[in-house]
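Residue-level structural notes
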Amino acid sequence: MPPIRIGQGYDVHAFGEGDHVMLGGVRVPHVQGVVAHSDGDVVLHALCDALLGALALGDIGVHFPPSDARWKGADSRVLLRHCRALVAERGYAVGNCDVTVVCERPKVGPHAEAMRACIAEDLGVAVDAVSVKATTSERMGFTGRGEGIAAMAVALLVAA
Ligand SMILES: [Zn+2]
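First things first, this report covers the structure right here in the doc. This is a predicted model, so every value here is computed, not measured.

1. Brief notes about the coordination of the zinc ion
At the metal site, the zinc ion is ligated by Asp11 (OD), His13 (NE2) and His45 (ND1), and these contacts range over 2.0 to 2.1 Å. In primary-sequence terms, the residues that donate to the zinc ion follow D-x1-H-x31-H. With Asp11 in strand S1 (residues 4–16) and His45 in helix H1 (residues 42–54), the pair connects residues that are 34 residues apart, well separated along the chain. Take Asp11 and His45: they sit in the same class, and that class is buried.

In structure tokens, the structure reads:
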């Protein structure tokens with residue numbers, strides 16, 4: 001068993017009807033919501049994919065198919081905790097993770113600490129093992145035009 005494994009994840013949701021966006025398990029007020037089968041949390045979905053990727057276990061669509069009614073409107077923290085259990089089952093723990101949110105709005109910075117705390121709790125790691133950053137696309141592309149929100153994540157697993 002290798003002592004470390006790395007994975008990356010990426011997720012996008014289009015903005016739609018609503019008054020908030022779930023980001024990193026935190027309810028962030030916004031003039032729009034996102035279109036999603038689950039709660040549409042791009043941060044947690046990218047993180048789940050990073051964990052699954054590190055284990056070479058496929059992706060979030062395989063583990064939580066949209067066709068499965070169990071995941072309709074699902075709290076993505078439940079999905080993240082499920083991925084953490086898969087990590088533990090295979091003899092690993094999360095070393096650290098790093099997430100970048102890409103959008104013009106809502107402003108992520110004021111909520112980043114709360115997101116870190118949620119993620120750290122769900123992954124069973126210290127807050128300083130969790131990084132949440134944000135950037136814009138300088139008004140270019142779909143995130144720049146405010147059509148949707150994206151997140152990228154990397155996660156390092158260490159043998160437990
Ligand atoms: Zn998603």
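2. Overview of the sheet that holds strand S5 (residues 92–102)
One key point about sheets: their strands pair by backbone hydrogen bonds, in either a parallel or an antiparallel sense. Spatial strand order, S4-S1-S7-S5-S6: 5 strands in an open sheet with mixed pairing. Strands with a single pairing partner mark the edges of an open sheet, and in this sheet they are strand S4 (33–34) and strand S6 (130–135). Relative to strand S7 (residues 148–159), S5 runs antiparallel, the two sharing 10 bridges. Note on S7: the bridge partner recorded for Asp98 is Val154. Strand contacts of H1: S1, S5 and S7, with the helix running at about 150° to S1, the strand carrying the most contacts.

3. Some details on the environment of Thr135
Within the fold, Thr135 resides in strand S6. Thr135 gets classed as partly exposed once you look at its relative accessible area, which sits at 39%. For the pair Thr135 and Ala151, spaced 16 residues apart in sequence, the C-alpha to C-alpha distance is 9.8 Å. With residues near it in sequence (within four places) discarded, Thr135 still touches Thr100, Val101, Val102 and Cys103.

4. So, the pattern of salt bridges
Pairing of side chains with opposite charge becomes possible as their charged atoms draw close. Here the structure, examined in full by the defined rule, presents 9 salt bridges. For Arg90, the salt bridge is made with Glu89, and the minimal N-O distance between the two is 3.4 Å. Here Glu89 falls in the exposed class, since its relative accessible area comes to 61%. The residue Arg116 makes a salt bridge to Glu113 at a minimum N-O spacing of 3.0 Å. One end of the pair is Arg116 and the other is Glu113, both in helix H4 (residues 112–123) and 3 residues apart, which spans about a single turn. Residue Arg116 is classed as buried on the basis of its relative accessible area of 18%. Connected via shared salt-bridge partners are Arg77, Arg81, Glu121 and Asp122.

5. Topic: the packing of H1 against helix H3 (residues 76–89)
Between H1 and H3, whose axes approach to 9 Å, the crossing angle comes to 15°. Put simply, H1 runs roughly parallel to H3. Our pair here, H1 against H3, has a crossing hand that is left-handed. In contact with Leu44, His45, Leu47, Cys48, Leu51 and Leu52 of H1, H3 contributes Ser76, Arg77, Leu79, Leu80, Cys83, Arg84, Leu86 and Val87. Its residues assigned to classes, the contact of H1 with H3 shows 10 nonpolar, 2 polar and 2 charged.

6. A word on the packing of aromatic side chains
Describing an aromatic ring pair means giving the distance of the ring centres and the angle of the ring planes. Summed over the entire model, instances satisfying the criterion amount to 1 aromatic pair. For the ring pair Phe64 and Trp71, a centre distance of 4.8 Å and an interplane angle of 85° mean the geometry is edge-to-face. Trp71 shares its class with Phe64; the two are buried.

Criteria and thresholds
- Residues numbered from 1 in each chain as written.
- Predicted model: local features only at pLDDT ≥ 70, side-chain atom pairs only at ≥ 80, totals over all residues.
- Heavy atoms only, no water.
- Donors = N, O, S within 2.8 Å, 3.2 Å for Na, K, Ca; no water.
- Helix = DSSP H or I, 4+ residues; strand = E, 2+ residues; numbered from the N terminus.
- Buried < 20%, exposed > 50% of the residue type's maximum accessible area, 1.4 Å probe, protein only.
- Pairing = 2+ DSSP bridges.
- Contact = heavy atoms within 4.5 Å.
- Axes fitted to C-alpha atoms, helices over the stretch in contact; angles between N-to-C directions.
- Salt bridge = Lys/Arg side-chain N within 4 Å of Asp/Glu carboxyl O.
- Parallel < 35°, antiparallel > 145°, perpendicular 65-115°, else oblique.
- Left-handed = near helix turned anticlockwise from the far one by under 90°.
- Nonpolar A, V, L, I, M, F, W, Y, C, P; charged D, E, K, R; others polar.
- Phe/Tyr/Trp six-rings, centres within 6.5 Å; stacked < 30°, edge-to-face > 60°.

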